[in-house]
Number of protein chains: 2
Amino acid sequence: MDIFFLGTGAGVPAKLRNVTSIALKLLEERGAVWLFDCGEATQHQILHTSIKPRRIEKIFITHLHGDHIYGLPGLLASRSFQGGESLVTVYGPPGIKDYLNISLKVSRTCLRYHLEIIEIDEGTVFEDEQFTVEARLLDHGIASYGYRIVEKDRPGTLLVDKLKAEGLKPGPEYKKIKEGIAVKTDDGRVLNPSDFLGPPQKGRIIAILGDTRPCEAGVFLAQNASLLIHEATFSGNEEELAREYFHSTTIQAGKAAKKAQVKKLCLTHISSRYDKEGWVQLAEEARTVFPETIIAEDFMEVPISIDKQ
Amino acid sequence: MDIFFLGTGAGVPAKLRNVTSIALKLLEERGAVWLFDCGEATQHQILHTSIKPRRIEKIFITHLHGDHIYGLPGLLASRSFQGGESLVTVYGPPGIKDYLNISLKVSRTCLRYHLEIIEIDEGTVFEDEQFTVEARLLDHGIASYGYRIVEKDRPGTLLVDKLKAEGLKPGPEYKKIKEGIAVKTDDGRVLNPSDFLGPPQKGRIIAILGDTRPCEAGVFLAQNASLLIHEATFSGNEEELAREYFHSTTIQAGKAAKKAQVKKLCLTHISSRYDKEGWVQLAEEARTVFPETIIAEDFMEVPISIDKQ
Ligand SMILES: [Zn+2]
Ligand SMILES: [Zn+2]
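Conventions and cut-offs
Residues numbered from 1 in each chain as written. Chains lettered and ligands numbered in written order. Predicted model: local features only at pLDDT ≥ 70, side-chain atom pairs only at ≥ 80, totals over all residues. Heavy atoms only, no water. Donors = N, O, S within 2.8 Å, 3.2 Å for Na, K, Ca; no water. Tetrahedral: all angles 85-135°; square planar, octahedral: opposite > 155°, others 65-115°. Helix = DSSP H or I, 4+ residues; strand = E, 2+ residues; numbered from the N terminus. Buried < 20%, exposed > 50% of the residue type's maximum accessible area, 1.4 Å probe, protein only. UniProt positions renumbered as here; feature names shortened; annotations may be inferred. Contact = heavy atoms within 4.5 Å. Polar contact = N/O pair within 3.5 Å; in protein donor to acceptor, adjacent residues only side chain to side chain. Pairing = 2+ DSSP bridges. Axes fitted to C-alpha atoms, helices over the stretch in contact; angles between N-to-C directions. Phe/Tyr/Trp six-rings, centres within 6.5 Å; stacked < 30°, edge-to-face > 60°. Least-squares fit on C-alpha atoms with pLDDT ≥ 70 in both. Right-handed = clockwise from strand over helix to strand, strands pointing away. Core = buried A, V, L, I, M, F, W, Y, C linked by side-chain atoms within 4.5 Å.

A. Looking closely at the coordination of the zinc ion (ligand 2). The coordination sphere of the zinc ion (ligand 2) contains the protein donors His 63 of chain B (NE2), His 65 of chain B (ND1), His 140 of chain B (NE2) and Asp 211 of chain B (OD), at a distance range of 2.2 to 2.4 Å. Relative to the metal, the four donor atoms surrounding the zinc ion (ligand 2) lie at angles of 84 to 176°, and the coordination shape comes out irregular.

B. Up close: the coordination of the zinc ion (ligand 1). Residue and element names in this part refer to chain A. Distances from the zinc ion (ligand 1) to its protein donors, namely His 63 (NE2), His 65 (ND1), His 140 (NE2) and Asp 211 (OD), fall within the range 2.2 to 2.4 Å. The coordination sphere of the zinc ion (ligand 1) comprises four donor atoms, whose angles at the metal cover 84 to 175°; the geometry is irregular. The sequence motif formed by the donor residues of the zinc ion (ligand 1) is H-x1-H-x74-H-x70-D. A residue pair is termed long-range when its members are at least 10 positions apart, and His 63 in the loop between strand S4 (56–60) and helix H3 (66–69) and His 140 in the loop between strand S8 (131–137) and strand S9 (145–151) qualify at 77 residues. Each member of the pair, His 63 as well as His 140, is classed as buried.

C. Local environment of the UniProt feature "binding site: Zn(2+) 1" (unreviewed entry) in chain A. All names here are of chain A. Using the residue numbers shown here, the UniProt feature "binding site: Zn(2+) 1" (unreviewed entry) corresponds to His 63, His 65, His 140 and Asp 211. A compact arrangement is adopted by the annotated residues: their sequence extent is 149 residues, whereas the largest C-alpha distance between any two is 10.3 Å. Residue contacts for His 140: discarding those within four places in its chain leaves His 63, His 65, Asp 211, Thr 212, Tyr 245, Phe 246 and His 247. A polar atom in the side chain of His 140 sits 3.5 Å from the side chain of His 63. Along the chain, the position of Asp 211 falls in the loop between strand S12 (205–209) and helix H8 (216–222). Filtering out sequence-adjacent residues up to four positions away, Asp 211 remains in contact with His 63, His 68, Leu 138, His 140, Ser 144, Glu 231, His 247 and His 269. Among the polar contacts made by the side chain of Asp 211, one reaches the side chain of His 68 at a distance of 3.2 Å.

D. Up close: the pairing of strand S9 (residues 145–151) of chain B. Residue and element names in this part refer to chain B. By the criterion of burial, S9 is predominantly enclosed, with six of the seven residues buried. By the bridge criterion, seven bridges tie strand S8 (residues 131–137) to S9 in an arrangement that is antiparallel. Each bridged residue has a counterpart across the sheet, and for Phe 131 the counterpart in S9 is Glu 151.

E. Quick look at the sheet that holds S8 of chain B. Residue and element names in this part refer to chain B. Pairing is mixed in the open sheet, where seven strands are placed in the order S7-S8-S9-S12-S13-S14-S15. Here the strands that pair on one side only, and so sit at the sheet edges, are strand S7 (123–127) and strand S15 (293–295). Each neighbouring strand pair of the sheet contributes to a mean axis angle of 20°, computed without reference to strand direction. Two strands pair when backbone bridges link them, and strand S12 (residues 205–209) and strand S13 (residues 227–231) are joined in this way by three bridges, in the parallel orientation.

F. Region of interest: the packing of aromatic side chains. All names here are of chain A. Counted under the stated rule, the structure contains 18 aromatic pairs over all chains. Considering the side-chain rings of Tyr 70 and Tyr 99, the 6.3 Å spacing of their centres and the 40° angle between planes classify their relative orientation as tilted. Placement of the pair is Tyr 70 in the loop between H3 and helix H4 (72–81) and Tyr 99 in helix H5 (residues 96–106), with a sequence separation of 29 residues. There is no split in this pair, since Tyr 70 and Tyr 99 are both buried. Members of the aromatic cluster, connected to one another through ring pairs, are Trp 34, Phe 36, Phe 60, Tyr 91, Phe 126, Phe 131 and Tyr 147.

G. The arrangement of the relation of the copies chain A and chain B in detail. Placing chain A over chain B gives an RMSD of 0.1 Å and needs a rotation angle of 180°, together with 0.0 Å of translation along the axis. Read as a symmetry element, the transformation amounts to a two-fold axis. For chain A, the smallest separation between a C-alpha atom and the rotation axis is recorded for Ala 41 of chain A, amounting to 2.7 Å. Mapped onto chain B, 100% of the interface residues of chain A again fall at the interface, so both copies present the same surface.

H. Just the UniProt feature "binding site: Zn(2+) 2" (unreviewed entry) in chain A, in detail. All names here are of chain A. Within this numbering scheme, the UniProt entry marks Asp 67, His 68, Asp 211 and His 269 as carrying the feature "binding site: Zn(2+) 2" (unreviewed entry). Considering the C-alpha atoms alone, the annotated residues occupy 203 residues of sequence yet fold into one spot, their largest mutual distance being 10.8 Å. Secondary-structure assignment places Asp 67 in helix H3. Those residues in contact with Asp 67 that sit more than four places away from it in its chain are Ala 10, Gly 11, Val 19, Thr 20, Gly 39 and His 269. Here the side chain of Asp 67 touches Gly 11 through a polar contact of 2.9 Å, landing on its backbone nitrogen. As for its position among the elements, His 68 is in helix H3. Taking the relative accessible area as the measure of exposure, His 68 reaches 1% and is therefore buried.

I. Looking closely at the pairing of S12 of chain A. All names here are of chain A. Of all the five residues making up S12, five are buried; the element is thus mostly covered by neighbouring parts of the structure. Going residue by residue along S12, you find Ile 205, Ala 207 and Leu 209 tucked away on one face and Ile 206 and Ile 208 tucked away on the opposite face as well. Following the chain from S12 across H8 to the adjacent parallel strand S13 (residues 227–231), one finds a crossover that is right-handed.

J. Geometry of the nonpolar core. Within the largest apolar cluster, 55 residues are counted, with the highest numbers of intra-cluster contacts made by Ile 59 and Ile 96 of chain A together with Ile 59 and Ile 96 of chain B. Aside from chain neighbours lying at most four places away, what touches Ile 96 of chain B is Ile 61, Leu 64, Ile 69, Leu 72, Val 90, Ile 117 and Glu 119 of chain B.

K. Summary view of unusual backbone geometry. Residue and element names in this part refer to chain B. Backbone geometry places Asn 224, a non-glycine residue, at a positive phi of 60°. Mapping Asn 224 onto the fold places it in the loop between helix H8 (216–222) and S13. One non-glycine residue, His 269, lies in the positive phi region at around 60°. Mapped onto the elements, His 269 comes out in the loop between strand S14 (265–268) and helix H11 (276–287).

L. Representation of the environment of Lys 15 of chain B. Here Lys 15 of chain B lies in the loop between strand S1 (2–7) and strand S2 (21–26). Here the alpha-carbon distance between Lys 15 of chain B and Pro 199 of chain B, two residues 184 residues apart in the chain, equals 47 Å. Aside from chain neighbours lying at most four places away, what touches Lys 15 of chain B is Leu 47 and His 48 of chain A.

Next up, the structure:
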């Protein structure tokens, strides 16, 4: 599980920061990549990475501002052109369906795969045996969602040596133990699964917020996350401006991270008014509040490691 | 007057060729830039050029396939964000209005300038004292237009020395002569404008065709043009494939240039199946039919010089 930043700028593309898109690489977990937002030229950024468009399984849109969605029709069309055949599900605020349908229709784009578009509301927007994704409305003038991606806890590793010592040979019984089901040995003893499993592996939590002013919902979504990805469009001394444009400052992002007791904060959605030296400054501002802060850059990868207990 | 290629690839963006957009730089002529098509990331390409988005005055769309239009909403939005205030007119096939209106509406994009969208038909789509732009339907499965841009002839340069010899001093009379109006000297003689003007400057003609199979309309639009920009999605030996996908081969583009008696042919819309060596080959194929052929590359500029008579 890794976060890969495809675009980390704000509003308009700049030479060093494209408009927003974040990939959550779940290659080991499910052979898939999930995208969060898809600004213009996200597919161009992907050309310079190892990400395969056909692996993209889900695209979560935080809000409908152009710098977060204008790359969507092109990415979907190219994925088809390049042989993508599996289902893609797009989640986003109401309006996303009209936008995509018109864009694909006027351009006569026939996708070779099934495209599902889900207009979301607050709450659980996706759940399967591996993950839950929850959405909450933030504070950005238009409907802007934050997402909390929760990996479910996984059973501990099978203590094979211990099972063998009990005389149980590898086979379907091992699978049962792994699934938490008690098993009977040939001589009639009952083996309790918990005695033959290591400690359960705690699922990881990531929070990816759309553009927003500081707000309670953001802190709620980020609670105890391994990583919080928070916008920091403005420097700490631009609180007025940030408020006016429904954005956050570095300091405000740091405060949210602290309140939510996350492990790590990553700032993104950086205005093009800041240059390379400015970026260092921005990260340092947030660190005065929350030391475990980094600032995102295009093509930066952040591994999300499993919690050792 | 220069042609500047912003994107010269076909279908999907590739590392060395972005999807289609061609700029006609009319900086000396009217301080403006016209675009022909606007594939995704055209604004990103512009970032690496001297073109100012606020100078973009007109955008002519050949057809609505995604690789020719998906960069339009982003370009228009960024032009506003970057302070563009003057009118922009977009010309394109029916459907372009819906596409743009929905894209700008769902993203809540409020442009600071007036945007005029004209859904065109065959015929003259624009005319003023400097230029005429004519459109004709080509053969591409969906409505795909070619454009013929005709610069109007300009009066010859004023023969100032000759006027001075007649005793006429610089002033409003000079302007009248330039405009072809006869002028009376103080001592009552009538000066005939044609005696005091050099030979008129012949207007230039450029033909920019959308995706197409070879067709009569293309040849009609290109008649005697200084430059014909013709797609060549396929190599000369792929005539079957070209026909099936409503495209042209290098040889077919060369034949069109020859029939239309243009001065120069420029191939574009090059499939990503061809690499750098392939490009040389493609140009050579066309040259067997029409020697004055070049192949476009991203960021290539082609000056359109004035005809010396
Ligand atoms: Zn926004
Ligand atoms: Zn086309």
